[in-house]
Amino acid sequence: MGRKKDNWNLGWFFYHKAGEGDGCPPDPAGSGLTPGYRPVKLPHDWSLEYPFDEKAASCGSGGYVETGIGWYKKIFTVTEEEVRGKHLFLCFDGAYMKTRVWLNGSRIKEHIYGYTPFSVEITELVKTGRGECNVLDVEIDNSGQPGSRWYSGSGITRDVWILTVENSYVAENGVYIRQKKVTRQYAELMITTSCRNQEELTVKTSIISPRGTIAAEKETAAAPGNAVCTQLFSLEEPCLWSVASPCLYEVITRLYNKEGVLMDEVHTRTGLRSAVFDKDRGFLLNGEQVKINGVCIHHDGGCMGAAVPLQIWKRRLEKLKEMGANSIRMSHNPPDPGLLELCDEMGFLVMDEAFDEWKILKGKELGSNTHESRGYSEWFAQCHEEDLKAMLYRDRNHPSVVIWSIGNEVPDQTDPAGYLTARRLKEICKQLDPERAVTQANDQICAEPKAATQEFLNELDVVGYNYVGRWRTRAETLYEDDKRAHPDWCVIGTENPGMGGIRGEYDRGRETGSWWKRPYYSTPVAVGKLLRYTMIMLPEISCGRESIILARHTGLTGRPARECWIPVVLRRTVIIFTRVSGGGIFPWSIFFRTGIWKWRRGQSCRCWALPAVKARSFS
């Protein structure tokens, strides 16, 4: 008895016709397989299966790729024995975008956001008769273009699972390990278990140490009726999770009925640590100041598209470790859950980010073939609470996650009422996770003629800065002015330019008139700025003019990246990501990725999508 969770990535069929208007398949939902479908294995991203097209609706921001509407179909059988006295759930880790799910011709679920998980119970809808087949149809609608400022991919881009549980079971993401206080001497934990039960249960929680021994154990009675059971634990001399030593505990939650029969068992990994952002000391991990050597990454894997195998993420994280990085900003959406598990295991600090848009639409004008833009702002009012909670419930037990980001460069930061949205999003974060700090990546703090409002910035636990050197004298003073004006602020550089690449290369004496405007148009000043607030990662062959000059003047050419982290010439309390976080920085961005392109005639776009690490990042 107990739960059974099976991977459901095999046995799928897919239909899509490039350029087709409504994308309808050649058969109605609920029917058996018909011609036009082809077999696929999930996760799957159909956008990279077609040639790049200058006239693609996704435009340059989206990578000039095919989007539209696609259909997935799976035919399966279920026996009466498999569901008798049980619950059956279909679980998606992510599908981009606007997912509609049918089972045997009945629509059972709709989910908009392409980066958050969702599930649906199918117990009452499955056919269990002998010889009867069930037909699952999934429609993915990514036709609202241009709809992303980067390559989004199209399809069921993350894992799918089928979950079977007994009549009494632990709710989805129903185990919350709240770390009330953690020191080297002891750890105070409050573990909350949310049950779905119609009978009296015993909740038994066992904490397994990194050495495999039982560190603590408790049993608590749970009354019938969706009980919430809270248990307090105190562990002496815990093994602390850190960047250098990512020790992991395992919490095993078991539900027993009054006859002592095991009804459910859930295993949850976590790490014990304290993570504090302090206005005077910067970022403190387990009470010690830690410089955050951060990078920003998107969700895609270059030419692998948005359906990224975990082996690729593991290789990337290993390369980042080699070069000296210890932190990752998940820009600008909740990541694949497998990536967070790798960060837990390998000792990376994570900024977990929810949204790139709130109420106000962002233009997707780069390489645009149309004056119309689409985006999450269309559904923010309807979906933001569900999507933010989905991220928080799923990710709050990960020790690697040290700060929540509720948004990136949202135009709402300059709106007089924008602070109310920030306040509400922060309230949701604090309701579900009181301990972690909340930030938002602001790119208009000192912008002209319209800057981020003080009311908006005051809502944040940690004030996030994107590209602080854009604003007049800030090219030289950076964060110092605001640290004096707001001594109570904790400041973090959520995103800054890195070394080399097209975002670090600008011709002297020529103003482009684009959205990127700098107060000074000279290479020497740019070099000085990079030395002040970005983590320098020198390539053997530099990509941009500034890189070459800086390499010559610092003598760092050809040295391994891990030897080239340049100390930030700032107060030590400023926390930076190149693209950056606390006590260090996050550069933008560390890996080549698809999207954010301008079509260049005579050049192959396909070669720009190689899944390589940028040359500037590693030796």
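Please read all numbers here as calculations on a predicted model, not as lab measurements.

K.L.:
Help me understand the overall build of the chain, please; the structure alone is not making it clear to me.
P.N.:
Each helix and strand counted, the chain has 10 helices and 30 strands in total. For the chain, buried positions account for 59% of its 619 residues. Relative to all contacts within the chain whose residues are 6 or more apart in sequence, the contacts with residues 24 or more apart total 73%. When the accessible surface of the chain is split by element, carbon and sulfur atoms take 49% of a total near 25,000 Å².

K.L.:
Would you mind going over the nonpolar core with me for this structure?
P.N.:
Nonpolar side chains tend to gather and get buried jointly when the protein is soluble and globular. Ranked by internal contacts, the top residues of the largest apolar core, which has 57 residues, are Leu317, Ile328, Phe355, Trp358, Leu388 and Tyr465. If near-sequence neighbours (up to four positions away) are discounted, phenylalanine 355 is found in contact with Tyr113, His332, Tyr376, Phe380, His384, Asp387, Leu388, Ile406, Gly407, Asn408 and Leu425. If you look at the next biggest cluster of nonpolar residues, it comprises 28 residues, including Val40, Phe92, Phe118 and Val138.

K.L.:
Quick question: what am I supposed to make of helix H3 (residues 337–346) here?
P.N.:
Side chains three or four residues apart in an α-helix point the same way, a direct result of the helix having 3.6 residues per turn. Burial within H3 is extensive, with 8 of its 10 residues counted as buried. Pro337, Gly338, Leu339, Leu340, Leu342, Cys343, Asp344 and Met346 are the residues of H3 that are buried. In the core, the buried residues of H3 are packed alongside strand S21 (294–297), helix H2 (310–323), strand S22 (327–330), strand S23 (349–353), helix H4 (380–395) and strand S24 (401–408). Positive phi appears at glycine 347, one or two residues downstream of H3, with a value of about 85 degrees.

K.L.:
Mind showing me how you'd approach the packing of aromatic side chains here?
P.N.:
Between two aromatic rings, the relevant description is the distance of the centres plus the angle of the planes. Under the counting rule described, the total for this entry stands at 19 aromatic pairs. On the basis of an interplanar angle of 40 degrees and a centroid distance of 5.8 Å, the ring pair of tyrosine 113 and phenylalanine 355 is categorised as tilted. Pair noted here: tyrosine 113 is in the loop between strand S7 (106–111) and strand S8 (118–121) and phenylalanine 355 is in the loop between S23 and H4, with a separation of 242 residues, a long-range link. By the burial criterion, tyrosine 113 is buried, and phenylalanine 355 matches it. When the centroid spacing of 6.2 Å and the interplanar angle of 85 degrees are considered together, the rings of tyrosine 376 and phenylalanine 380 count as edge-to-face.

K.L.:
So what exactly am I meant to see when it comes to the sheet that holds strand S13 (residues 201–208) here?
P.N.:
In a beta sheet, neighbouring strands are held together by backbone hydrogen bonds and run either parallel or antiparallel to one another. Judged by pairing direction, the sheet is antiparallel, and its 4 strands sit side by side in the order S14-S13-S16-S17 without closing on themselves. Where the open sheet ends on each side, the last strands, each with one partner, are strand S14 (214–222) and strand S17 (262–270). Taking the axes of each pair of neighbouring strands and ignoring which way they run, one obtains an average angle of 15 degrees across the sheet.

K.L.:
Please explain helix H5 (residues 418–432) as it appears in this structure.
P.N.:
For H5, spanning 15 residues, the distance from its first C-alpha to its last is 22 Å, which sits close to the expected 21 Å at 1.5 Å a residue. What H5 keeps buried is the set Gly418, Thr421, Ala422, Leu425, Lys426, Ile428, Cys429 and Leu432. An end-on view of H5 places all buried positions within 150 degrees of arc, on one side of the element. Buried residues along H5 sit in contact with strand S11 (169–182), H4, S24, strand S25 (437–442) and helix H6 (454–458).

K.L.:
Explain empty space enclosed by the protein here, please?
P.N.:
As enumerated under the stated definition, the model contains 4 cavities of 30 Å³ or more in all. There is about 110 Å³ of room inside the second largest cavity. Considered class by class, the residues forming the lining of the second largest cavity number 7 nonpolar, 4 polar and 2 charged.

K.L.:
How should the sheet that holds strand S5 (residues 86–92) be read in this particular structure?
P.N.:
Read from one edge to the other, the open sheet built from 4 strands follows the order S1-S10-S5-S8, with strand pairing classed as antiparallel. Either end of the sheet is taken by a strand with one partner, and the two such strands are strand S1 (4–7) and S8. Each neighbouring strand pair of the sheet contributes to a mean axis angle of 20 degrees, computed without reference to strand direction. Sheet analysis places S5 next to S8, joined by 4 bridges and oriented antiparallel. Note on S8: the bridge partner recorded for cysteine 91 is serine 119.

K.L.:
When you look at the confidence of the model for the chain in this model, what are you seeing that I'm missing?
P.N.:
Any residue range with low pLDDT should be treated as having predicted coordinates unsuitable for detailed reading. Mean pLDDT over the chain: 84, with 77% of residues reaching 70 or higher. Confidence drops under pLDDT 50 across residues 533–573; counting only partners more than four residues distant or on other chains, this segment forms 126 contacts.

K.L.:
Is there a simple way to explain the side chain of aspartate 443 in this structure?
P.N.:
Structurally, aspartate 443 can be placed in the loop between S25 and H6. The side chain of aspartate 443 sits in the buried core without any salt bridge; arginine 470 is the nearest counter-charge, 4.1 Å away. Looking at aspartate 443, its side chain comes within polar contact range of the side chain of glutamine 413, at 2.9 Å. Within polar-contact distance, the side chain of aspartate 443 engages the side chain of glutamine 444 at 3.4 Å. Ignoring any residue separated from it by four or fewer positions in sequence, one finds aspartate 443 in contact with Glu409, Gln413, Asn466, Arg470 and Trp471.

K.L.:
When you look at the packing of H2 against H3 in this model, what are you seeing that I'm missing?
P.N.:
The relative placement of two packed helices is expressed as an angle between their axes plus a distance between the axes. Contact geometry for H2 and H3: axes closest at 10 Å, N-to-C directions at 35 degrees. In the crossing of H2 with H3, the sense of the turn from one axis to the other is right-handed. Contacts between H2 and H3 pair Leu310, Trp313, Lys314, Leu317, Glu318 and Lys321 from the former with Gly338, Leu339, Leu342, Cys343 and Met346 from the latter. The residue makeup of the contact of H2 with H3, split by class, is 7 nonpolar, 1 polar and 3 charged.

K.L.:
Hey, could you run me through the pairing of strand S18 (residues 275–278) in this one?
P.N.:
Remark: a regular strand shows side chains that alternate across the two faces of the sheet. As paired elements, S18 and strand S19 (residues 282–285) share 4 bridges and run antiparallel to each other. Residue valine 276 lies in a different strand from S19, and its bridge partner there is leucine 284. Hairpin remark: S18 followed by S19, antiparallel, with 3 residues in the connecting loop.

K.L.:
Help me out: how do you make sense of the pattern of salt bridges in this one?
P.N.:
A side chain with one charge can pair with a side chain of the opposite charge if their charged atoms come near. Going through the model one piece at a time under the given rule, you end up with 32 salt bridges. Across the pair glutamate 353 and arginine 329 runs a salt bridge, and its minimum N-O distance is 2.9 Å. Note that glutamate 353 is positioned in strand S23 and arginine 329 in strand S22, a separation of 24 residues in sequence. Residue glutamate 353 shares its accessibility class with arginine 329, and that shared class is buried. Here aspartate 395 ties to arginine 394 by a salt bridge, and the two come within 2.6 Å at their closest N and O atoms. Within the structure, one salt-bridge network assembled from shared partners comprises Arg474, Glu480, Asp481, Asp482 and Arg484.

Rules used throughout
- Residues numbered from 1 in each chain as written.
- Predicted model: local features only at pLDDT ≥ 70, side-chain atom pairs only at ≥ 80, totals over all residues.
- Heavy atoms only, no water.
- Helix = DSSP H or I, 4+ residues; strand = E, 2+ residues; numbered from the N terminus.
- Buried < 20%, exposed > 50% of the residue type's maximum accessible area, 1.4 Å probe, protein only.
- Contact = heavy atoms within 4.5 Å.
- Areas by Shrake-Rupley, 256 points an atom, 1.4 Å probe, with all protein chains shown as cover.
- Core = buried A, V, L, I, M, F, W, Y, C linked by side-chain atoms within 4.5 Å.
- Phe/Tyr/Trp six-rings, centres within 6.5 Å; stacked < 30°, edge-to-face > 60°.
- Pairing = 2+ DSSP bridges.
- Axes fitted to C-alpha atoms, helices over the stretch in contact; angles between N-to-C directions.
- Expected span 1.5 Å × (residues − 1).
- Arc of directions from axis to C-beta.
- 1 Å grid on protein atoms, 1.4 Å probe; cavity = no way out; pocket = protein on both sides within 12 Å on 5 of 7 lines; lining within 4 Å.
- Points joined across faces, edges and corners; volume = space filled by probe spheres on them.
- Nonpolar A, V, L, I, M, F, W, Y, C, P; charged D, E, K, R; others polar.
- pLDDT = per-residue confidence, 0-100.
- Lys, Arg positive; Asp, Glu negative; His and termini not counted.
- Salt bridge = Lys/Arg side-chain N within 4 Å of Asp/Glu carboxyl O.
- Polar contact = N/O pair within 3.5 Å; in protein donor to acceptor, adjacent residues only side chain to side chain.
- Left-handed = near helix turned anticlockwise from the far one by under 90°.

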